[in-house]
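Residue-level listing of the chains:
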Amino acid sequence: MSAHIDQLRAELLGAVQGAKDAAALEEVRVTALGKKGRITDLMKTLGGMAPDERKAFGQNLNVLKDEVAAALDTRKRAFESAALDARLASERMDVTLPVRPEARGTLHPISQTMDEVAAIFGQMGFEIADGPDIEDDFHNFTALNFPPGHPAREMHDTFFLAPDKSGADPTTAERYLLRTHTSPVQIRTMMTQKPPIRVIIPGRTYRCDYDMTHTPMFHQVELLVIDTETNMSHLRGCLQEFVRTYFGVDDLTTRFRPSFFPFTEPSAEMDIGCSRKGGELKIGNYGDWLEILGCGMVHPNVLRACGLDPEVYQGFAAGMGIERIAMLKYGIPDLRTFFESDLRWLRHYGFAALDIPSVTGGLTR
Ligand code: DAH
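Residues numbered from 1 in each chain as written. Predicted model: local features only at pLDDT ≥ 70, side-chain atom pairs only at ≥ 80, totals over all residues. Heavy atoms only, no water.

A. Highlighting the site of the ligand. Around the ligand sit 15 residues, and of these His 181, Ser 183, Arg 207, Gln 220 and Glu 222 come closest. Between Ala 317 and the ligand, the recorded distance is 3.1 Å, taken from a backbone N or O atom to an oxygen atom. Notes on the ligand: free accessible area 360 Å², of which the protein chains cover 91%. With respect to the detected pockets, the ligand is housed in the largest pocket. Only strand 6 (217-227), strand 10 (288-298) and strand 11 (314-321) provide two or more residues apiece to the shell around the ligand. The residue inventory of the shell around the ligand, partitioned by class, reads five nonpolar, eight polar and two charged. (Near = heavy atom within 4 Å. Polar contact = N/O pair within 3.5 Å; in protein donor to acceptor, adjacent residues only side chain to side chain. Areas by Shrake-Rupley, 256 points an atom, 1.4 Å probe, with all protein chains shown as cover. 1 Å grid on protein atoms, 1.4 Å probe; cavity = no way out; pocket = protein on both sides within 12 Å on 5 of 7 lines; lining within 4 Å. Sits in = over half its atoms within 2 Å of the grid points. Helix = DSSP H or I, 4+ residues; strand = E, 2+ residues; numbered from the N terminus. Nonpolar A, V, L, I, M, F, W, Y, C, P; charged D, E, K, R; others polar.)

What follows is the structure in structure tokens.
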């Protein structure tokens, strides 16, 4: 009997070692330990044996069973780890290889400009805030001190969304619209953050207008600072620093002209020095002036609408068009080309994807 078991052991362990792959090994397992396997069959004969014989034979058989199971398991794991090694070898990649030189994707000048603006204000300690493109009348107008019926509302050529069908009175119901400027995010920020606040708000804006200098969708970046001792010279210094860094002209002069915006008091427009000689626009101290942005001290009514006490807090805000400052810096003559998705234009004006702008490392290539 035990000779029989020894022979079976040699046979089965040999088959385990000889299995060429996981499938062959599984066949060996079924042959040995499956329902109709050879060890299983022998187990079934135990019932018909005399007690002494059964005890000895049963023990031997159990030892054999465990040995075969262990051998199967070891071999199975060897197959698995070989398979994993093969896979790791075939999927291996060298992350130190340079970017494929034939990759032609470029960053759109709008993305590049937004990154540059964020790099400059980021270094001054500003954070980025954002808000929804679909706004309500309150955030886009009312809280920004555009009273209902105020003519300044009409200047915005607003895209209104269809009135909601909830049965609310259409004259009083909240109107939804595509935000006409990034200023509503000033309101959202002041209503949710405690001063001191120092944010820039880049994003898409929409107005129902289309010609050489207007597109229905365009981009703005908004600036907002709220603190307990903020004044107009902070505003001026901050914006001057920005335009000097952005245009790369260290001593670029700026000029403030009085203006009007409902949400600032006083309000101003800022000009930078330029030249238009020979029909060519150049940024620098050449005696001529170019309007670049709107700004002012946050109106007390706006602070109040956001629950801030104007006796305690003041601040400044500014807003400018991203396309406009991109056109000025990169010599892009026509606004509409920004949105035509013409690959030749994108290749010409686009930026290498890995040239990430920073104030110290350089803003452009
Ligand atoms: N929201 C204004 C516009 O779209 C731009 C602007 C002007 C924003 C002055 C400001 C500001 O924050 O202070 O025309």
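Next comes the rest of the account.
B. Examining the layout of surface pockets more closely. Of the pockets and cavities examined, the largest pocket occupies roughly 1300 Å³. Contributing to the lining of the largest pocket are 47 residues, with Phe 218, Gln 220, Glu 291, Gly 321 and Arg 324 lying nearest its centre. For the lining of the largest pocket, the elements supplying multiple residues, two or more each, are strand 6, strand 7 (254-261), strand 8 (264-275), strand 10, strand 11 and helix 11 (322-330). No other element matches the six residues that strand 10 contributes to the lining of the largest pocket. (Points joined across faces, edges and corners; volume = space filled by probe spheres on them.)

C. Fine view of the domain arrangement of the protein chain. Per the domain assignment, the segments making up the protein chain are domain 1 (2-90) and domain 2 (109-349). When each unit is reduced to the centre of its C-alpha atoms, the spacing between domain 1 and domain 2 is 77 Å. (Domains from an automatic or database assignment.)

D. Molecular detail of the side chain of Ser 275. The residue Ser 275 is located in strand 8 in this model. Reaching out from Ser 275, the side chain makes a polar contact with the backbone nitrogen of Lys 277 at a distance of 3.2 Å. Filtering out sequence-adjacent residues up to four positions away, Ser 275 remains in contact with Glu 280, Leu 281, Lys 282, Tyr 286 and Asp 288. (Contact = heavy atoms within 4.5 Å.)

E. Representation of the environment of Ala 353. Its location among the elements puts Ala 353 in the segment after strand 12 (351-352). The exposure class of Ala 353 is partly exposed, given its relative accessible area of 48%. Spatially, the C-alpha atom of Ala 353 lies 21 Å from that of Arg 204, the residues being 149 residues apart in sequence. (Buried < 20%, exposed > 50% of the residue type's maximum accessible area, 1.4 Å probe, protein only.)

F. Here's a closer look at the packing of aromatic side chains. Scanning all chains against the criterion turns up eleven aromatic pairs. With a centroid separation of 5.1 Å and 70° between ring planes, the pair formed by Phe 141 and Phe 146 is classed as edge-to-face. Note on accessibility: Phe 141 and Phe 146 belong to one class, buried. Ring pairs connect the aromatic residues Phe 121, Phe 126, Phe 242, Tyr 246 and Phe 247, which therefore count as one cluster. Its guanidinium or amino end placed over the ring of Tyr 246, Lys 329 lies 4.3 Å from that ring's centre, counting from NZ or CZ. Taking NZ or CZ as reference, Arg 336 lies 5.7 Å from the ring centre of Tyr 210, over its face. (Phe/Tyr/Trp six-rings, centres within 6.5 Å; stacked < 30°, edge-to-face > 60°. Lys NZ or Arg CZ within 6 Å of the ring centre and 35° of its normal.)

G. The arrangement of a nonpolar patch on the surface in detail. Taken together, the side chains of Ile 134, Leu 161 and Tyr 176 present a nonpolar region at the surface, about 260 Å² in accessible area. Overall, the relative accessible area of 40% leaves Tyr 176 in the partly exposed class. (Patch = residues over 30% accessible without salt bridge, like charges linked within 9 Å, V, L, I, M, F, W, Y side chains within 5 Å. Salt bridge = Lys/Arg side-chain N within 4 Å of Asp/Glu carboxyl O.)

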